[in-house]
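Breakdown of the fold
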Amino acid sequence: MVDLSVKLGSLQLKNPILVAAGTFGYGLEFKEFFDISVLGGVITKTLTLLPREGNPGPRVLETPSGMLNAIGLQNVGIDGFFESKWPELSRLGLPVIVSVAGFTLDDFVTLAKRAEGRGIAALELNLSCPNVSHGDGSRCFAQSSEETFAVIQAVKKVFQGPVFAKLSPEVTDLPSIAKAASEAGADVLTLINTLPGMAIDIEKGKPVLPNGTGGMSGPAIRPLAVRCIWEVARVLRTPILGLGGVVSGRDAIELMMAGASAVAVGTANFWNPRAAEMILAEFEELISKKGMAAKTLIGIAQER
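The structure displayed is predicted, hence computed values, not measured ones.

Reading across from one edge, β5-β6-β14-β11 is the order of the four strands in this open sheet, with antiparallel pairing throughout. In this open sheet, the two edge strands, each paired with only one partner strand, are β5 (60-63) and β11 (195-197). On average, adjacent strands in this sheet sit at an angle of 35° to one another, irrespective of strand direction. With three bridges connecting them, strand β6 (residues 66-69) and strand β14 (residues 214-217) associate as antiparallel partners. Note on β14: the bridge partner recorded for Asn 69 is Gly 215.

Taking burial as the measure, the ten residues of helix α7 (residues 249-258) include seven buried ones, the bulk of the element. Inspection of α7 places Gly 249, Asp 251, Ala 252, Ile 253, Leu 255, Met 256 and Ala 258 among the buried residues, and these make up the whole buried set. Against the buried residues of α7 lie β1 (6-8), β3 (17-19), α6 (222-235), β15 (240-243), β16 (262-265) and α9 (275-290). Two residues or fewer past α7, Gly 259 is found with a positive phi of approximately 140°.

We now examine the pairing of β5. Bridging between β5 and β6 involves four bridges; their strand directions are antiparallel. Following the sheet pairing, Thr 63 is matched in β6 by Gly 66. Hairpin connection between β5 and β6: a loop of two residues separates the two successive antiparallel strands, and Ser 65 in this loop has a positive phi of roughly 60°.

Take α6 next. The first and last C-alpha atoms of α6 sit 21 Å apart over 14 residues, in line with the 20 Å expected at 1.5 Å per residue. Among the residues making up α6, those that are buried are Arg 222, Ala 225, Val 226, Cys 228, Ile 229, Val 232 and Ala 233. Each buried residue of α6 lies within a common arc of 165° when the element is viewed along its axis, so the set occupies one face. Relative to its buried face, α6 has exposed residues pointing more than 90 degrees away, namely Pro 223, Arg 234 and Val 235. In this fold, the buried residues of α6 make contact with α5 (174-184), β10 (188-191), β15 and α7.

Tallied over the full model, the rule gives eight aromatic pairs. Between Tyr 26 and Phe 81, the ring centres sit 6.2 Å apart and the planes meet at 35°, which makes this aromatic pair tilted. You can see Tyr 26 sitting in the loop between β3 and β4 (41-43) and its partner Phe 81 sitting in helix α1 (residues 78-84), a full 55 residues away along the chain. Here a set of aromatic residues connected by ring pairs shows up, and it is made of Phe 24, Phe 30, Phe 33 and Phe 34. The ring of Phe 82 is capped by Arg 118, whose NZ or CZ atom sits 4.4 Å from the centre of that ring.

So, how was this worked out
- Residues numbered from 1 in each chain as written.
- Predicted model: local features only at pLDDT ≥ 70, side-chain atom pairs only at ≥ 80, totals over all residues.
- Heavy atoms only, no water.
- Pairing = 2+ DSSP bridges.
- Helix = DSSP H or I, 4+ residues; strand = E, 2+ residues; numbered from the N terminus.
- Axes fitted to C-alpha atoms, helices over the stretch in contact; angles between N-to-C directions.
- Buried < 20%, exposed > 50% of the residue type's maximum accessible area, 1.4 Å probe, protein only.
- Contact = heavy atoms within 4.5 Å.
- Expected span 1.5 Å × (residues − 1).
- Arc of directions from axis to C-beta.
- Phe/Tyr/Trp six-rings, centres within 6.5 Å; stacked < 30°, edge-to-face > 60°.
- Lys NZ or Arg CZ within 6 Å of the ring centre and 35° of its normal.

Below is the structure:
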């Protein structure tokens with residue numbers, strides 16, 4: 001039998017296939033489709049301090065080789081999550097990483113305090129959501145090395161478990177921002193978040209999404225994700241959780257060879273609720289044929 005186990009920072013995972021924040025609900029909604037405990041881990045929908053209704057609809061649009069979404073962080077709020085979702089989710093027997101987003105540094109600190117001591121596997125800081133205003137309303141935290149550093153450093157002072165930093169590809173020098181996140185104490189870097197995109201209704205002459213723009217995801221951005229992971233892995237030893245257009249076991253291998261220690265399935269969950277299970281099966285089949293353990297894939301492309 002092939003060894004699928006990997007380490008993602010301090011987390012020991014039975015396999016490297018997870019599901020990305022915002023694409024798998026709170027982790028419970030997909031139970032009717034397959035046994036989600038077979039996965040390496042689950043990342044929850046991003047939580048904010050207070051419940052949010054999100055942006056007006058339509059909020060999702062299919063594009064060639066991908067999808068635009070402008071959900072706007074709809075969620076039950078962190079307190080609602082721990083009251084109504086976490087009791088059942090904690091009994092699934094797999095690592096649960098809770099994603100959170102704040103609009104100020106203090107928001108992130110408060111979110112981290114409320115997550116501390118709950119038994120979650122890790123806390124993922126969504127520093128790069130393109131569909132809501134952050135801070136001064138002009139940009140997300142992950143577009144600034146200084147702001148990225150400040151948020152992570154503050155969170156690490158109040159949260160004892162592993163902290164993931166989810167970064168944006170919409171920057172001129174991602175390795176420098178990734179370095180700031182690492183120096184601030186990030187245990188894992190999540191690469192990459194969606195890219196802002198837009199579609200226009202040519203009959204109405206206005207954007208299709210009421211929000212104007214949305215986050216572009218899916219296979220169309222996978223080559224960008226591979227490049228970003230490869231560039232960051234060249235200069236940093238901080239473990240990387242890779243995501244961006246993973247729709248097959250082959251895609252997962254590609255991101256790991258670029259430098260990711262594990263990968264997360266995102267957009268594929270929207271069109272196939274069993275996508276993560278099927279990707280895991282194909283991943284296992286492919287590395288079995290290669291006669292390789294999963295962890296030996298990590299960063300192979302860095303050596304060539």
